[in-house]
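Okay, here's what each chain looks like letter by letter:
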Amino acid sequence: MRWIHVPLLLLVVVAAACGDGGSSETPATVTTITLASTPPDAPARVVSLSATHTEMLYAVGAQDQIAGTDLTSNFPLPAEETPKVDAFNFDVEEVAALDPDLVVLAFDFAGEVAALEAVQIPTLLLPPPTTLDGAYDQLRELGEAVGRGEEAAALAGEMQTAIDEIVGAATAGGDPGTVFHEIDNTLFSANSSTFIGDVYSRFGFENIADEAADEFGSGFVQLSPEFVLDADPDFIFLGDAGFGETAETVAARPGWDQLTAVQEGRVVELDSDIAGRWGPRSVELVRQIGQAIVASQGG
Amino acid sequence: MTAAAAPVAPARLRFRPLAVAGVALAGAMVLGVSLGPASLPVGGVFLEILDRMPLVTVDSGLSEREAAIVWQLRVPRVVLGALVGAMLATAGGAYQGVFRNPLADPYLLGVAAGAGLGATIVIAAGAGGPGIAVAAAAFAGAIAAVVLTYALARTGGVGSTANLILAGVAVAAFFTAAQTFVQQRAADTIREVFSWILGRLATVGWAEVALLAPFVAVSAAVLFASRRLLDVLAVGEEEAGTLGVRTDRLRLVVVAAATLGSAVAVAVSGLIGFVGIVVPHTVRLLAGHSYRLILPLAFVGGAAFLVFADLLARVIISPGELPIGVVTAFVGAPFFAVVLRTSRRIT
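Observations regarding the overall build of chain B
And step 1. Regarding its fold elements, chain B presents 14 helices and zero strands.
And step 2. Shown N-terminal to C-terminal, the secondary structure of chain B runs as helices and strands in the order α-α-α-α-α-α-α-α-α-α-α-α-α-α.
And step 3. Counted over contacts in chain B with a minimum sequence separation of 6, partners at least 24 positions apart contribute 75%.
And step 4. As displayed, chain B offers around 14,800 Å² of accessible surface, 69% of which is attributable to carbon and sulfur atoms.

In structure tokens form, the structure reads like this:
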């Protein structure tokens, strides 16, 4: 029956990548149509230690191969129901107890890879990419690793097409100016050498965080309020909107009411989960940014 | 500190040391408002500040946004730094006097641990970084810890100094453990908690200044008023008693005033360590052992020290900022070592 599943799955995945409001029922649909399609040589028990890779696994239809996910994996909804491990307080026994034949990780902070290899558990380390293209590549690589290369390649292609289209439409009116991406209210930001920074670069933004010294080369830099006020960005995107920051709280900060972005209503609340990940829902992130640009040009 | 260290001759607060500390404070404040990631003309900065004074209207030549940088960011930050530094140093000096223990600091009775627990709970619950909610929780936690320390010390006997310090250690250990537990349960907010613990003046505005200033005024007034009695107490608890000092009441008044002031300071600025130890001892080594000198000098010197430390915190990795607690320890410890080595007044 596999011949019928693949095209159907693609349709669903495309819908997931492009759909606006229908994403909540999508996973259930995927579950029903891909039961029999796991290739025999693919890992059957995959543990994902990162929310992004959990989203990717579901999006390529590998949900029946998932043996566990980390605590931050909250999308799609069925991921909440899988056995949970804490990726930030990594305990190799906790992971081994799930009997995985593949562990996918985004970080190797505490020697996770070595610890897992010591107990003969295969690992796939996929660190955060620094560009959108890197994210597409990673999706394909993960798809290959779980025996769903075709689905992943198709999804990556769809994402690319959708994103290019949104960027093209939003940049038709010229460069949007300068941008400040806020990761948290201690003013951590991301410069152009990061994934989120690359997204802004695609839109032709000039990123104010590029002016700040990046001692660790991580691309994530902390700015001071005075620096932001001095730079006076045209757009402020709140990656911390999920943590209580809003256009109103930004406007209420001392002196911030003088910012052009605040005065002209260009403080944009992003979905924090989507803004912090590089999975299939990056299309939504790009759409939120594109819509803000188009809205500012229209008004 | 031994009884021999107590001054015999009355030590008056002389003009010179106070003037030196005052000049240091003024210099630190001038630098504090002049320097920052935004390169503003220094003349414009001072004209802008002048313009904000009552009954004065001058044109600073700054744009609205530059004026906001000066008046909404730099000035409140420098003022708050001065208030926090003054409060912590004075409270530290008072604690050292009232407990007759050179290691006593403003956090001795559990203020830091209690404030840390309160702030962590609120941050973990999703209130985000520094703000009034976090400050209120920190204050509540600090007061709760100190009340608990007092209650515990009283059950242990007559509420002697040693009992109080031991109770403070026990309460602090318990509150710190509770804080670590809450922190571990909320891994995604852990960085905000650390940022608060290390102390931060970056996000403060006039609201925090308005919150802290009255507490500092009352607390410092009470402590200054007690400074002669602290000198008498330095001779010894029993001796002070025979000289007519009601030591129990003195201790309660001094501890209450110092704790209240430091709790509010901690609530608005996070945990800024070292100021309460280094500044009073530096004053003691340079100017003498009388609390009549130590408390006012620590007040001005602490203000200067923290404004200067905050300046370094902002400038070293500009436009990022170091946690100010890191700077106070990093600068304060070697400075104190130098003072300790070169001073001849060590008893």
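Remarks on the packing of aromatic side chains
And step 1. Within this structure, the stated rule accounts for 13 aromatic pairs over all chains.
And step 2. With a centroid separation of 5.4 Å and 75° between ring planes, the pair formed by A:F205 and A:F235 is classed as edge-to-face. Here the residue A:F205 occupies a position in the loop between α8 (195–202) and β8 (206–207), and A:F235 occupies one in strand β10 (residues 235–238), the gap between them amounting to 30 residues.
And step 3. Take A:F205: its relative accessible area is 7%, and that puts it in the buried class.
And step 4. Judged by relative accessible area, which is 2%, A:F235 ranks as buried.
And step 5. Between the aromatic rings of B:Y95 and B:F99, the centroid separation amounts to 5.8 Å while the plane-to-plane angle is 5°, which identifies the pairing as stacked.
And step 6. A cation sits over an aromatic face here: A:R266 above A:F235, 5.4 Å from the ring centre.

Here we look at the nonpolar core
And step 1. Counting 112 residues, the largest nonpolar core has A:I236, A:W256, B:V84, B:F99, B:W196 and B:L212 as the members making the most contacts within it.
And step 2. Residue contributions to this core peak at 19 residues, all from helix α3 (residues 64–98) of chain B.
And step 3. Ignoring any residue separated from it by four or fewer positions in sequence, one finds B:W196 in contact with B:A115, B:G116, B:A119, B:I123, B:V134, B:A138, B:V266, B:A267, B:G270 and B:L271.
And step 4. In terms of nonpolar packing, the next biggest core, distinct from the first, is built from 50 residues, A:V60, A:L139, A:F235 and A:W278 among them.

Digging into unusual backbone geometry
And step 1. Of the consecutive residues A:F75 and A:P76, the connecting peptide bond is found in the cis state with omega at -10°.
And step 2. Position of A:P76 among the secondary structure elements: in the loop between β2 (66–70) and β3 (84–85).
And step 3. A positive phi is found at A:D99, a non-glycine position, where the angle reads about 55°.
And step 4. Assignment of secondary structure puts A:D99 in the loop between α4 (92–96) and β4 (102–105).
And step 5. The exposure class of A:D99 is exposed, given its relative accessible area of 54%.
And step 6. We note that B:R100 has phi near 45°; this positive angle belongs to a residue other than glycine.
And step 7. Here B:R100 falls in the partly exposed class, since its relative accessible area comes to 33%.

Structural notes on the packing of α3(B) against helix α8 (residues 206–225) of chain B
Residues and elements named next belong to chain B.
And step 1. At their nearest, the axes of α3 and α8 sit 10 Å apart, and the two run at 25° to each other. With respect to each other, α3 and α8 are oriented roughly parallel. As α3 packs across α8, the resulting crossing turns out to be left-handed. Judged by residue contacts, W71, Q72, V75, P76, V79, L80, L83, V84, M87, T90, A91 and A94 of α3 engage W206, E208, V209, L212, A213, V216, S219, L223 and F224 from α8.
And step 2. Of the residues assigned to the contact of α3 with α8, the class counts are 17 nonpolar, three polar and one charged.

Focus: the environment of B:T161
All names here are of chain B.
And step 1. For T161, the position within the fold is in helix α6 (residues 161–185).
And step 2. Judged by its relative accessible area of 13%, T161 falls in the buried class.
And step 3. Counting along the chain gives 106 residues from T161 to L55, while the straight-line C-alpha distance between them is 51 Å.
And step 4. Not counting the four nearest positions on each side in its chain, T161 is found in contact with F99, E237 and R251.

As for the sheet that holds β2(A)
All names here are of chain A.
And step 1. Pairing is parallel in the open sheet, where five strands are placed in the order β3-β2-β1-β4-β5. Two strands lie at the open edges of the sheet, namely β3 and β5 (123–125), each paired on one side alone.
And step 2. Where β4 meets β5, three bridges bridge the pair, whose relative direction is parallel. Paired with L105 across the bridge in β5 is L125.

Side note on the sheet that holds β10(A)
Residues and elements named next belong to chain A.
And step 1. One open sheet accounts for four strands, arranged β8-β6-β10-β11; its pairing is parallel. Two strands close off the open sheet at either side, each with one partner strand: β8 and β11 (267–269).
And step 2. For strand β6 (residues 178–182) and β8, the ladder comprises two bridges, and the chain directions are parallel. The residue of β8 that forms the bridge with V179 is N207.
And step 3. Contacts from helix α13 (residues 282–298) reach β10 and β11 within the one sheet, and its direction differs from that of β10 by about 150°.

Brief notes about the pairing of β4(A)
And step 1. Burial along β4(A) is two-sided: A:L102 and A:V104 facing one way and A:V103 and A:L105 facing the other are all buried.
And step 2. Considered for its hand, the β-α-β crossover made up of β4(A), helix α5 (residues 112–118) of chain A and β5(A) is right-handed.

Observations concerning the interface of chain A and chain B
And step 1. Contacts between the two partners involve 23 residues from chain A and, on the opposite side, 30 residues from chain B.
And step 2. For the pair chain A and chain B, the summed buried surface comes to about 2,200 Å²; carbon and sulfur atoms form 55% of the total.
And step 3. Interface area lost by chain A to chain B is led by A:E226, A:P254 and A:Q258, which between them contribute 26%.
And step 4. Applying the counting criterion to the chain A and chain B interface returns two salt bridges.
And step 5. The salt bridge partner of B:R65 is A:D232, with a shortest N-O separation of 3.4 Å.
And step 6. Where chain A touches chain B, the interface holds five residue pairs in polar contact (both at pLDDT 80 or more).
And step 7. The element that contributes the greatest number of residues to the side of chain A that touches chain B is helix α9 (residues 225–231) of chain A, accounting for five residues.
And step 8. Class assignment for the residues of the side of chain A that touches chain B results in 11 nonpolar, seven polar and five charged.

With respect to the pairing of β2(A)
The side chains of a regular strand alternate, residue by residue, between the two faces of the sheet.
Residues and elements named next belong to chain A.
And step 1. Burial of β2 is extensive: five of the five residues sit out of reach of the surface.
And step 2. Note that strand β1 (residues 46–48) and β2 share three bridges and pair parallel. What sits directly across from V46, in β2, is I66.
And step 3. For the crossover that starts at β1, traverses helix α3 (residues 51–59) and ends in the parallel β2, the hand is right-handed.
And step 4. Where β2 meets β3, two bridges bridge the pair, whose relative direction is parallel. Looking at β3, one finds that T69 is bridged to K84.

Quick notes on helix α1 (residues 15–34) of chain B
And step 1. The end-to-end C-alpha distance of α1(B) is 28 Å, a good match for the 28 Å that 20 residues give at a rise of 1.5 Å each.
And step 2. Among all positions in α1(B), only B:A21, B:L25, B:A28, B:G32, B:V33 and B:S34 are buried.

Analysis parameters
Residues numbered from 1 in each chain as written. Chains lettered and ligands numbered in written order. Predicted model: local features only at pLDDT ≥ 70, side-chain atom pairs only at ≥ 80, totals over all residues. Heavy atoms only, no water. Helix = DSSP H or I, 4+ residues; strand = E, 2+ residues; numbered from the N terminus. Contact = heavy atoms within 4.5 Å. Areas by Shrake-Rupley, 256 points an atom, 1.4 Å probe, with all protein chains shown as cover. Phe/Tyr/Trp six-rings, centres within 6.5 Å; stacked < 30°, edge-to-face > 60°. Buried < 20%, exposed > 50% of the residue type's maximum accessible area, 1.4 Å probe, protein only. Lys NZ or Arg CZ within 6 Å of the ring centre and 35° of its normal. Core = buried A, V, L, I, M, F, W, Y, C linked by side-chain atoms within 4.5 Å. Axes fitted to C-alpha atoms, helices over the stretch in contact; angles between N-to-C directions. Parallel < 35°, antiparallel > 145°, perpendicular 65-115°, else oblique. Left-handed = near helix turned anticlockwise from the far one by under 90°. Nonpolar A, V, L, I, M, F, W, Y, C, P; charged D, E, K, R; others polar. Pairing = 2+ DSSP bridges. Right-handed = clockwise from strand over helix to strand, strands pointing away. Buried area = accessible area lost by both parts, 1.4 Å probe. Salt bridge = Lys/Arg side-chain N within 4 Å of Asp/Glu carboxyl O. Polar contact = N/O pair within 3.5 Å; in protein donor to acceptor, adjacent residues only side chain to side chain. Expected span 1.5 Å × (residues − 1).

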